[in-house]
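Structural features, examined
Below, each chain spelled out in residue letters.
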Amino acid sequence: MAGDDQPSARELLNGHRRGTHLPPSYAYGPEPAEPSARPETDLLSPGSPQYMAQQLRGENAAVRELLLALSVGFSLPGPLPAELGRKVAGGDVESLDSLVARAEASGLLLPDGTVVGTAQHALLTLTPTARIHALQRELVGSFAAEGRPLGDFARELARSGLADPRVAADLEGAGNKALERDPGLAAQLYDEALLAGADEWATAARRAHAASATGDLDTADRIIEGLFVRPEPPDLRLAVDVAAAVWAQRGMLGRSADVYSWLGAGKMGPSAPAAAVAMIGCGNRAGAESMFPSGSSPASPTLLAVAQAQTAKGVLESLAGDPHQGLPLLIHASDMMNASGASVPFPDTPGSLAALVALHSGEPHLAETIVRAAVAAGQGGDAAKPRLFLLQAWSAMQQDNPEDARLAINEASKANHWPLVPRDEFLCSALEVGLARRSGEVHGLVLAWERAREAMLHTSVDLYSLLPWGELMITAARLRETRRVSHYLDDAWKLLHRLGDPPLWAVPLHWAGVQAALLNESPADLAPHATALARAANHSHLAWVLAAAGKAWVSVLAANFLASDVEAAARGLNAVGMPWEGARLAGHAAARADERKDMVRLLACARDLHPQGSSAGTGASGPSEARSVPTADSNGSQPPDGGGLSEREKEVARLVLEGKTYREIGEAIYISPRTAEHHIARIRRRLGAENRSDLLVRLRLALGAENPQRE
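Residues numbered from 1 in each chain as written. Predicted model: local features only at pLDDT ≥ 70, side-chain atom pairs only at ≥ 80, totals over all residues. Heavy atoms only, no water.

**A word on the overall build of the protein chain**
Scanning the protein chain from terminus to terminus reveals 36 helices and two strands. Looking at the protein chain as a whole, 54% of its 711 residues are labelled buried. Counting every atom, the protein chain has about 30,400 Å² of accessible surface; 52% of that belongs to carbon and sulfur. (Helix = DSSP H or I, 4+ residues; strand = E, 2+ residues; numbered from the N terminus. Buried < 20%, exposed > 50% of the residue type's maximum accessible area, 1.4 Å probe, protein only. Areas by Shrake-Rupley, 256 points an atom, 1.4 Å probe, with all protein chains shown as cover.)

Set out below in structure tokens:
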């Protein structure tokens, strides 16, 4: 039976190998009654539990008792259940050696002391549950007497339905150890502790923490709601941290701040950094500053505590007139959080906040680097993964890498087992809008806009959502839907004002305001944003670049610009991580250039900034996003599709270049507006233009050969 290197059960009994046999699982059905007498004619299948039970009756009852003990989890050489031990010691049954020999001889006990699977199943299925639980409790007592932890055996006992405070305590302890680094495992251990009889409310805050860290917000909410209504909820501070984190993920950061205010400063303790981040996010700068009295230091010197404190201080520094210290602090905090490997409830991860500050500073490449490191380290657990991937996608979109952006969006959608939380769904919908706007696909833009309109109904404005609101501001202006976002934008400006109009956070939104005003052809709306950018230029390089770009846009729309100034502004946008915006400015100016050499120069600039050919010019109505820029060679020769127009089409083309509408074209050459529209559609197809901006540039090139004096 036993091989040369495998001792038999009897050798185990004699002490050649000691250890604890843990059964692989317990499979219990309803508690059975003793098998009723059956006619002898009822034949039982040799492999059935009932057949094995019959074989282990009578003189084999002691063998059955031994096999049952081993199936429950007792091991050779012992100790064995007290009752069986008394029978052996008192001579009521044969010696333990003989019992083991008979069990081996029957083929029901393997050489390593393991009961054959079918026999184990039969014994556990047909033995009354009360008897099995009594044996299990006795086994737990033997573990405790020897000072051995139950380990995974506790999980098996809980799943079998054993209610025992010792098992529950063991599982709770294991859950506490796993909570910060493996919240998914912790959630399972806490649930099993409840099966073993643990106090539901004693572990409530930790169970909610585990649920929220895995992305199960609904479960976390239900647990916290039940805990908060109790007279003296245990682990109250942790429960508040979890509630605040859940509110933040639901896109309601103001409620996160409210729950910390409800907790009160006297009970804040180590939660002060999280409270500060929430308060800053909803515009309460004074409340955030009160979390850090002068000369204060983290509650403990651990990586986790220091990382949390650095996160809050980094966000506070980002509100300063000169915010350059904020980003290094947040990067350090993200690095420390990565090193700690902990997953703790927080309104936002330091990696996400550092990436946001980098994006607001005009450094999308740095933002992408920060996020990639945080994702690789598992910062924030499964619940934080979607947001990190979406910020990675935003960084890629900003750098004009739509393919990478879509890959990151796809990763976000499958980062955990749950749908995107409202905060992340809103960010994702704004990303889809931004990608569609940059692609020039109007149908795709309208569909993305509809999704974003729904997503914005489930969230509220906070400091950390200004980038998507800026994108939606521009798109709303383009689609003439500004009224849909106006009250949200009012909230955004009020929020910034409460925080003292911090340049770092305000500048990108002012730039979005400039672009929206240009699209709306509203100089009055543009002026305050341009003034704010000029004022911030003293402390922000990004503001200086954007102010120059805004000035260039205005000069282009007025058809009074220098190609060199426009090119400098476009390349400046590229330098701060906005190549698509720079190419769009250059392409728009090329469509309005009077001199052919200026047109070619600006087209070359646009093509240089956006090699995929995804920049734009404008029509007479203002800036629009287009898909491609026509190309010209370095000598300024027209592209191969630049000619072939009929005289009538050339006449229409000249009027189009003058900015005439269909009706005005019809009145000028005595045709109907519909006929003028047909002419223009035919011209567009013939020249291969994809949109109005592209058409204007191609018409200038096509008609340029007839006007050599412009070269």
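**Structural notes on the environment of Gln310**
With respect to the helices and strands, Gln310 occurs in helix H17 (residues 303-317). Residue classification places Gln310 among the buried residues on the basis of a relative accessible area of 18%. C-alpha separation for the pair Gln310 and Ile331, spaced 21 residues apart in sequence, amounts to 9.1 Å. Beyond its immediate chain neighbours, meaning those up to four positions away, Gln310 contacts Leu329, His332, Ala333 and Met336. (Contact = heavy atoms within 4.5 Å.)

**Overview of the pattern of salt bridges**
Enumeration according to the criterion identifies 36 salt bridges in this entry. Taking the shortest distance from any N to any O, the salt bridge between Asp218 and Arg250 comes out at 3.0 Å. Remark: Arg250 occurs in the loop between helix H13 (236-249) and helix H14 (253-263) and Asp218 occurs in helix H12 (residues 217-228); sequence separation between them is 32 residues. Notably, a salt bridge pairs Arg682 with Glu649, separated by 3.2 Å at the nearest N-O pair. Placement of the pair is Arg682 in helix H35 (residues 673-687) and Glu649 in helix H33 (residues 647-657), with a sequence separation of 33 residues. Residues participating in the shared-partner salt-bridge network are Glu65, Glu83, Lys87 and Arg131. (Salt bridge = Lys/Arg side-chain N within 4 Å of Asp/Glu carboxyl O.)

**Considerations on helix H26 (residues 486-498)**
Between its first and last C-alpha atoms H26 spans 18 Å; for 13 residues at 1.5 Å apiece the expected length is 18 Å, and the two agree. All buried positions along H26 are accounted for by Tyr488, Leu489, Ala492, Leu495 and Leu496. The buried residues of H26 occupy an angular sector of 115° when projected down its axis, which confines them to one face. What points out from H26, more than 90 degrees from its buried face, is the exposed set Lys494 and His497. At the C-terminal side of H26, Gly500 shows a positive phi close to 90°. (Expected span 1.5 Å × (residues − 1). Arc of directions from axis to C-beta.)

**Focus on the confidence of the model for the protein chain**
Taken as a whole, the protein chain shows an average pLDDT of 83; of its residues, 85% reach a score of 70 or greater. Note that residues 9-44 has pLDDT below 50 and, in this model, 83 contacts with residues that lie over four places away or in other chains. Within the model, pLDDT remains below 50 along residues 614-642, and this stretch shows 104 contacts once partners closer than five positions in the same chain are excluded. (pLDDT = per-residue confidence, 0-100.)

**Description of the packing of helix H19 (residues 350-360) against helix H21 (residues 385-398)**
Contact geometry of H19 with H21 gives a least axis separation of 10 Å together with a crossing angle of 15°. Between H19 and H21, the interaxial angle falls into the category roughly parallel. Handedness of the crossing formed by H19 with H21: left-handed. Residue-level contacts link Gly351, Ser352, Ala355, Leu356 and Leu359 of H19 to Arg387, Leu388, Leu391, Trp394 and Ser395 of H21. Taken together, the residues of the contact of H19 with H21 sort by class into six nonpolar, three polar and one charged. (Axes fitted to C-alpha atoms, helices over the stretch in contact; angles between N-to-C directions. Parallel < 35°, antiparallel > 145°, perpendicular 65-115°, else oblique. Left-handed = near helix turned anticlockwise from the far one by under 90°. Nonpolar A, V, L, I, M, F, W, Y, C, P; charged D, E, K, R; others polar.)

**Let's talk about the packing of helix H23 (residues 422-439) against helix H24 (residues 442-456)**
It is the contact of H23 with H24, at a shortest axis distance of 8 Å, that shows an interaxial angle of 160°. When the axes of H23 and H24 are compared, the pair comes out roughly antiparallel. Relative to H24, the crossing made by H23 is left-handed. Contacts between H23 and H24 involve Glu425, Phe426, Cys428, Ser429, Glu432, Val433, Ala436 and Arg437 from the first element and Gly444, Leu445, Ala448, Trp449, Arg451, Ala452, Ala455 and Met456 from the second. Taken together, the residues that form the contact of H23 with H24 break down as ten nonpolar, two polar and four charged.

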